[in-house]
Amino acid sequence: MATSRLPPATLTLKQFMRRQQVLLLYRRILQAIREVPNDSDRKYLKDWAREEFKRNKSATEEDTIRMMITQGNMQLKELEKTLALAKS
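Computed from a prediction, not measured in an experiment: that's the story for all the values here.

A.B. asks: Which residues make up the UniProt feature "domain: Complex 1 LYR protein" (unreviewed entry) in the chain, and what are the values?
C.D. replies: According to UniProt, the feature "domain: Complex 1 LYR protein" (unreviewed entry) maps to residues 20–78 in the numbering used here. In this annotation, residues 20–78 is assigned 81% helix and 0% strand; the end-to-end C-alpha distance for the span is 22 Å.

A.B. asks: Pulling in residues and values, what's your account of the side chain of Arg18?
C.D. replies: Counting through the fold element by element, Arg18 comes out in helix 1 (residues 13–33). Arg18 has contacts with Glu62, Ile65, Arg66 and Ile69, leaving out every residue within four places of it along the chain.

A.B. asks: Help me get a handle on the layout of surface pockets, residues and values and all.
C.D. replies: Empty space within the largest pocket amounts to approximately 940 Å³. Sorting the residues of the lining of the largest pocket by element identifies helix 1, helix 2 (39–55) and helix 3 (62–87) as the ones contributing at least two each. Per-element tally for the lining of the largest pocket: the top contributor is helix 1, with eight residues. Split into classes, the residues belonging to the lining of the largest pocket amount to 13 nonpolar, six polar and eight charged.

A.B. asks: Outline helix 1, supporting the account with residue identities and numerical values.
C.D. replies: Between the first and last C-alpha of helix 1 there are 30 Å, a value that for 21 residues agrees with the 30 Å anticipated at 1.5 Å per step. Within helix 1 the residues assigned to the buried category are Arg18, Leu25, Ile29, Leu30, Ala32 and Ile33. One side of helix 1 carries all its buried residues, which in axial view fall inside an arc of 160 degrees. Turning to helix 1, the residues buried within the fold contact helix 2 and helix 3.

A.B. asks: Which residues make up a positive patch on the surface, and what values go with them?
C.D. replies: Judged by side-chain charge, Arg34, Lys46, Arg50, Lys54 and Lys57 come together as a positively charged surface patch. By the secondary structure assignment, Lys57 is in the loop between helix 2 and helix 3. The exposure class assigned to Lys57 is exposed, which follows from its relative accessible area of 71%.

A.B. asks: Describe the packing of helix 1 against helix 3, with residues and values.
C.D. replies: Packing of helix 1 against helix 3 brings their axes to within 10 Å, and their N-to-C directions diverge by 20 degrees. Comparing the axis directions of helix 1 and helix 3 gives the class roughly parallel. Note on packing geometry: the crossing formed by helix 1 with helix 3 is left-handed. Contacts between helix 1 and helix 3 involve Lys14, Arg18, Gln21, Val22, Leu25, Arg28, Ile29, Ala32 and Ile33 from the former and Glu62, Ile65, Arg66, Ile69, Gly72, Asn73, Leu76, Leu79, Glu80 and Leu83 from the latter. Split into classes, the residues belonging to the contact of helix 1 with helix 3 amount to ten nonpolar, three polar and six charged.

About the thresholds
- Residues numbered from 1 in each chain as written.
- Predicted model: local features only at pLDDT ≥ 70, side-chain atom pairs only at ≥ 80, totals over all residues.
- Heavy atoms only, no water.
- UniProt positions renumbered as here; feature names shortened; annotations may be inferred.
- Helix = DSSP H or I, 4+ residues; strand = E, 2+ residues; numbered from the N terminus.
- Contact = heavy atoms within 4.5 Å.
- 1 Å grid on protein atoms, 1.4 Å probe; cavity = no way out; pocket = protein on both sides within 12 Å on 5 of 7 lines; lining within 4 Å.
- Points joined across faces, edges and corners; volume = space filled by probe spheres on them.
- Nonpolar A, V, L, I, M, F, W, Y, C, P; charged D, E, K, R; others polar.
- Expected span 1.5 Å × (residues − 1).
- Buried < 20%, exposed > 50% of the residue type's maximum accessible area, 1.4 Å probe, protein only.
- Arc of directions from axis to C-beta.
- Patch = residues over 30% accessible without salt bridge, like charges linked within 9 Å, V, L, I, M, F, W, Y side chains within 5 Å.
- Areas by Shrake-Rupley, 256 points an atom, 1.4 Å probe, with all protein chains shown as cover.
- Salt bridge = Lys/Arg side-chain N within 4 Å of Asp/Glu carboxyl O.
- Lys, Arg positive; Asp, Glu negative; His and termini not counted.
- Charge placed at Lys NZ, Arg CZ, Asp CG, Glu CD.
- Axes fitted to C-alpha atoms, helices over the stretch in contact; angles between N-to-C directions.
- Parallel < 35°, antiparallel > 145°, perpendicular 65-115°, else oblique.
- Left-handed = near helix turned anticlockwise from the far one by under 90°.

Structure representation (structure tokens):
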């Protein structure tokens, strides 16, 4: 019987790709938050983003993760629109 050389916690390709999507979303949210002019608002949003990602860290169901990524992208777009309006 052939045994795998990979450790038991190794991600599948699909899981790896989804993880990359989540990390990219997190980085993009933090980059957008850096544009917030008010220090207290910036800190609040940064803490909120960090807490949301930590809270959902243990999610494993594919549909749930995909839904959370979609919601996160929508919230990011809203933040970017708000920041663009504030600058104009």
